[in-house]
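Secondary and tertiary structure notes
Here are the chains, one letter per residue:
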Amino acid sequence: MSVARLPEVVSLSAEKVQELAAKNNVKVPEKDVDAYRIMLSGLDELAKLIIAEDDFVPEVDFKKYPRKDVKPRPAENEYNAWATKVTVPSSEKGLLEGQTIVIKDNINLASIPSMLGTDALEPNQFIPKYDATVVRRVLDAGATIIGKAACENFSMSPTSFTNAYGYVTNPLAQGYNAGGSSSGCGALVGAKVVKFAIGGDQGGSIRIPASYCGIVGLKPTFGLVPYTGIASLAAMIDHTGPMTQNVLDNALLLQVLAGPDGLDDRQIGLPLELPAYYDELKKFSDSPASAVKGFKIAIIKESFEMPGMDSRVVEKIREAARAYEKLGCTVEEISFPLHKLAPAIWTIATRQGFAEHGIYGMNPVRFGVHDANLTELLAHWNQEMFDKLAKGNPAATNALLGGQYIKDEYPGLTEKAINLGRKLKIAYNKLLEEYDILITPSAPTPANKASKRDDDIMTKMSKAIGTTQNTMPFNISGNPAISIPIANLPPVEDESLSLPIGMQIVAKSFGEMEIYKAAYAWEQCFDWKSF
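Scoring rules and cut-offs
- Residues numbered from 1 in each chain as written.
- Predicted model: local features only at pLDDT ≥ 70, side-chain atom pairs only at ≥ 80, totals over all residues.
- Heavy atoms only, no water.
- Helix = DSSP H or I, 4+ residues; strand = E, 2+ residues; numbered from the N terminus.
- Rg over C-alpha atoms; globule rule 2.2 N^0.38 Å.
- Contact = heavy atoms within 4.5 Å.
- Areas by Shrake-Rupley, 256 points an atom, 1.4 Å probe, with all protein chains shown as cover.
- Lys, Arg positive; Asp, Glu negative; His and termini not counted.
- Charge placed at Lys NZ, Arg CZ, Asp CG, Glu CD.
- Buried < 20%, exposed > 50% of the residue type's maximum accessible area, 1.4 Å probe, protein only.
- Core = buried A, V, L, I, M, F, W, Y, C linked by side-chain atoms within 4.5 Å.
- 1 Å grid on protein atoms, 1.4 Å probe; cavity = no way out; pocket = protein on both sides within 12 Å on 5 of 7 lines; lining within 4 Å.
- Points joined across faces, edges and corners; volume = space filled by probe spheres on them.

**Considerations on the overall build of the protein**
Scanning the protein for helices and strands turns up 16 helices and 12 strands. The C-alpha atoms of the protein give a radius of gyration of 24 Å, which matches the 24 Å a tight globule of 531 residues would have. By principal-axis analysis of the C-alpha atoms, the protein measures approximately 80 × 50 × 50 Å. For the protein, long-range pairs separated by at least 24 residues make up 76% of all intrachain contacts whose partners lie at least 6 apart in sequence. With the model as given, the accessible surface of the protein reaches about 22,400 Å², and the carbon-plus-sulfur share is 53%. A gap of 3 Å separates the mean positions of the 54 positive and 63 negative side-chain charges of the protein.

**Quick look at the environment of lysine 423**
Mapped onto the secondary structure, lysine 423 falls in helix α13 (residues 413–434). When its relative accessible area of 49% is taken as the criterion, lysine 423 is described as partly exposed. When the C-alpha positions of lysine 423 and isoleucine 484 are compared, they lie 28 Å apart, and in sequence the two are 61 residues distant.

**With respect to the nonpolar core**
Counting 78 residues, the largest nonpolar core has Val138, Tyr324, Ile484, Met503, Ile505, Tyr516 and Trp522 as the members making the most contacts within it. In contact with isoleucine 505, other than residues within four places in its own chain, are Tyr324, Ile437, Leu438, Pro480, Ala481, Ile482, Ile484, Ile515, Ala518 and Ala519. Grouped together as the second largest cluster of nonpolar side chains are 42 residues, Ala120, Leu338, Ala349 and Phe354 included.

**Side note on empty space enclosed by the protein**
To find the voids left in a structure, one rolls a probe of water-molecule size over its atoms. Per the counting criterion, the structure on display carries 2 cavities of 30 Å³ or more. Roughly 110 Å³ of internal volume is contained in the largest cavity. Lining the largest cavity we find 15 residues, and of these Thr159, Thr162, Asn393, Pro394 and Lys460 sit closest to its centre. Where the lining of the largest cavity is concerned, the elements lending two or more residues are α11 (383–392), α12 (394–409) and α14 (457–462). Volume-wise, the second largest cavity comes out at about 50 Å³. Residue lining of the second largest cavity: Pro220, Thr221, Gly223, Leu224, Val225, Tyr227, Asp238, His239, Thr240, Asp264 and Arg266, and that is the complete set.

The quantities given are spatial measurements derived from coordinates; they are silent on function.
Below, the structure is given as structure tokens:
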């Protein structure tokens, strides 16, 4: 590696050189300190050149798509599900013409704050400079954005009790979990405030709210929908996708969102042609059962053996899966032992990334578009920020400390887990050469009751332990997976209530069409509210 230039002025002190060295657990020999002072000072001059340039991010047409009636943290806030109410109208003639939509509060909407569910940053500190690709696509398709939906603190919780500005409550039961981290999206769609939402999913954050709120949520194949302009946790598991009231609407929104944007390097391996998901699915509207006739379906036995699994959920998922036999499908319950290892692979593979990238904002030197202003805000954590994060979401501070622990105690283990993630992907896709779809529960239980803000860490964490055991495997493998509601069950805290449970349907990479056929057939042929 060459040195781009030597400085005109030496700006670094000897003490600074040794301070930098100490952070790497080394010391620079005294005889070499002045040489490093000169070479490192050259970086200051290069930095000044970059600072003087305007940032290079996608342009925003504020005239065509103005931001109107902006209300951050609105006083009237159904289910605490809104981060910001804002109207971005579109008069375009497209697939979403006349529809309204909300986006998760980690998705860039230029000039509108992204609070990321946290008070570790000030509410108006991070103001995106450009629109996310998914924002541009829905506006170009004719949808009007009516707000940003609240999300969990740093998008690191499968429960809806961590947003610093108010717990998002389940629209079907006050004080109960709406699921996370796309909690506001789940609540607003579940309450029928909107038909469409765009959520994010790194371990189940679309599918868990879908399960708890009785809606349809798809985590697409890794890379199918561009993640450009969305706050990242760890690039290898970042997914964004549609959350809707029914399967057909889900396919409609995916048809708008899917495809390359030329910016997101997660989209490697994307097929040259993609299905018109909505158009293809509508062909089965007169005979939904025909969409799956001849399908071979596998129920993964190990998905019922995960920690915390409610036996009533197991019974209902088996019954719902077997219902496909009435539609002309073959259904088998099979053993796939690697499924049980998948949560460990996901955790070890991502923990360091969550800490360094998701929380500290460190850039892993990737192509694409980056939010330099967010990285700058996350670069210097202090005790006050840590304390706020720990109180709001101990799962996030656990990830921060856990990332450092893995790095210190198990060097190379993250990389090995990433390699095993590739093994997992190959194994699932090999299985899906024999079967059209796989079935598991989405969440292990119906929604549970909210923790209290002042509960101790373990009490708060107990609400989340085991929740994503069946969803996170498909973030690390990248397979598409959807949650659809298939029944109601009473939560353990109150037998008088009846709350939804979701069934997860999984297909081969880029097999969204198979998923939609299976989900649509079940939805149209059976009534989940009475199943």
